[in-house]
Amino acid sequence: MRRDFHREPCFGSGESVHAVILVGGKGSRLLPFTKYRPKPLMRLGRYSILEIILRRLRACGFERVTLCTAHLGEMIRAEFGDGRSLGLAIDYCTDDPPTGTAAPLLLVPDWDSPAVVMNGDVLTALDFAHFQQMHEQSGSVLSVAFQRREVPVELGVLQVGDRQVHAMWEKPSLAIDVCSGMYVADPSVRDYIPEGARVDMPDVIDALLKKSERVNAYGFREEWHDIGTPATYRNAEREFLANQDYYLFPREGVEPTVFDRANTAVRPLATGTNGRPQLSISLVQ
């Protein structure tokens, strides 16, 4: 039996807010689980991945959700219908054949104010209302939610300049800022998406930066799991079953643990001698 949703928004005034969820991928890396079922409908206990996202959005005060479907989209429509059973107004657009993670935004109907835009294959405790609120305060066209991850390096790392070694770290960790696949976008981002082409969100970010548009970076510490492989799926299932309310509901009276409070802008990456972008990283001793 489904649980009812009658909770107040965790932040904000309670005005109607909109989210767009991209649920059209084939989930190829999760075969054979996704052979006959779209990845967003894979279950973590009693709920599907997508239902967990929808329930959390509703608990954060969101009222309208657009689902951008493609692969096996009719199964998603049959599962959620108009969203009334979850206290939501759900509408749909169909991107068939799929044209990337950004091009479907051209199909979203009646979109005239900032909306959360996210992939439909994540498990997270992100406070979506606070994310949207901070975006609106930033004055940006797009905000990107990111997490900082430490990647161990089993080698000695040098800092080199002018043919001289300036520093060395033995087997350090690299602090890398990782995109979570969750954004808040103004409708004007569609001006940077060409029609009739495959366009992903990195393409949109690159186009915005080239036009000197501000892209806000929102760093968060709450749990986030990208469900892309059998191993990450099993881990997400284990984490969700251990603490379901943590992922379904924002914690009342607890402020989100956002780091780097002052809003920061995403900047273009430097280009190396091989023509590829160079990552901006920090060393963790």
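Quick caveat: nothing in here was measured; it's all calculated off a predicted structure.

Rules of the game
Residues numbered from 1 in each chain as written. Predicted model: local features only at pLDDT ≥ 70, side-chain atom pairs only at ≥ 80, totals over all residues. Heavy atoms only, no water. Patch = residues over 30% accessible without salt bridge, like charges linked within 9 Å, V, L, I, M, F, W, Y side chains within 5 Å. Areas by Shrake-Rupley, 256 points an atom, 1.4 Å probe, with all protein chains shown as cover. Salt bridge = Lys/Arg side-chain N within 4 Å of Asp/Glu carboxyl O. Helix = DSSP H or I, 4+ residues; strand = E, 2+ residues; numbered from the N terminus. Buried < 20%, exposed > 50% of the residue type's maximum accessible area, 1.4 Å probe, protein only. Pairing = 2+ DSSP bridges. pLDDT = per-residue confidence, 0-100. Contact = heavy atoms within 4.5 Å. Core = buried A, V, L, I, M, F, W, Y, C linked by side-chain atoms within 4.5 Å. Right-handed = clockwise from strand over helix to strand, strands pointing away.

Visitor: Looking at this structure, how should I read a nonpolar patch on the surface?
Guide: Together, Leu 158, Val 160, Val 165 and Met 168 make up an exposed nonpolar region whose accessible area comes to about 400 Å². Of all elements in the fold, only strand 9 (156-161) and strand 10 (164-170) reach the threshold of two or more residues within the nonpolar patch. Relative to the elements of secondary structure, Val 160 occurs in strand 9. A relative accessible area of 57% places Val 160 in the exposed class.

Visitor: Before we go on, may I ask you to explain the pairing of strand 8 (residues 142-152) in this structure?
Guide: Remark: a regular strand shows side chains that alternate across the two faces of the sheet. In the sheet, strand 8 pairs with strand 11 (residues 173-185) via 10 bridges, with the strands oriented antiparallel. Within the sheet, the bridge partner assigned to Leu 142 lies in strand 11 and is Ala 185. Bridge count between strand 8 and strand 12 (residues 215-220): 5 bridges; the pairing is parallel. The partner of Val 144 across the bridge, within strand 12, is Ala 217.

Visitor: Quick question: what am I supposed to make of the confidence of the model for the protein here?
Guide: Where the model shows low pLDDT, its predicted coordinates should not be examined in detail. Averaged over every residue, the pLDDT of the protein is 85; residues scoring 70 or more account for 81%. The low-confidence segment residues 1-14 (pLDDT under 50) makes 38 contacts with residues lying over four places distant or belonging to another chain.

Visitor: In this structure, what is going on with the nonpolar core? I would like to understand it.
Guide: Looking at soluble globular proteins, one finds that nonpolar side chains tend to be buried together. Counting residues in each nonpolar core, the largest one holds 48 residues, and the members touching the most others are Ile 21, Leu 54, Val 65, Leu 67, Phe 80, Phe 128 and Met 182. Once residues lying within four places of it in the same chain are set aside, the contact partners of Phe 80 are Leu 41, Ser 48, Leu 50, Glu 51, Leu 54, Leu 86, Ile 90 and Tyr 92. Judged by nonpolar contacts, the second largest core, of 25 residues, contains Ala 102, Val 141, Ile 205 and Leu 208.

Visitor: How do you make sense of the pairing of strand 4 (residues 64-69) when you look at a structure like this?
Guide: The buried count for strand 4 comes to 6 of 6 residues, which makes it a mostly enclosed element. Residue alternation in strand 4 divides its side chains into two sets, Arg 64, Thr 66 and Cys 68 and Val 65, Leu 67 and Thr 69, and both sets are buried. As defined by bridge partners, strand 1 (residues 18-22) adjoins strand 4 across 5 bridges and the pair is classed as parallel. From the neighbouring strand, Ile 21 faces strand 4, where its bridge partner is Leu 67. With 6 bridges joining them, strand 4 and strand 5 (residues 89-94) adopt parallel strand pairing. Directly across from Thr 66, in strand 5, lies its bridge partner Asp 91. In this fold, the crossover linking strand 4 to strand 5 by way of helix 2 (residues 73-80) has right-handed handedness.

Visitor: Sorry, what's going on with the pattern of salt bridges here?
Guide: Think of it this way: side chains of opposite charge can pair up when their charged atoms draw near. This structure, assessed with the given rule, holds 7 salt bridges. For the salt bridge of Arg 55 with Glu 51, the shortest nitrogen-to-oxygen distance reads 2.7 Å. In this pair, Arg 55 and Glu 51 both sit in helix 1 (residues 49-59), 4 residues apart, roughly one turn of the helix. Residue Asp 82 pairs with Arg 84 through a salt bridge whose shortest N-O separation is 2.9 Å.

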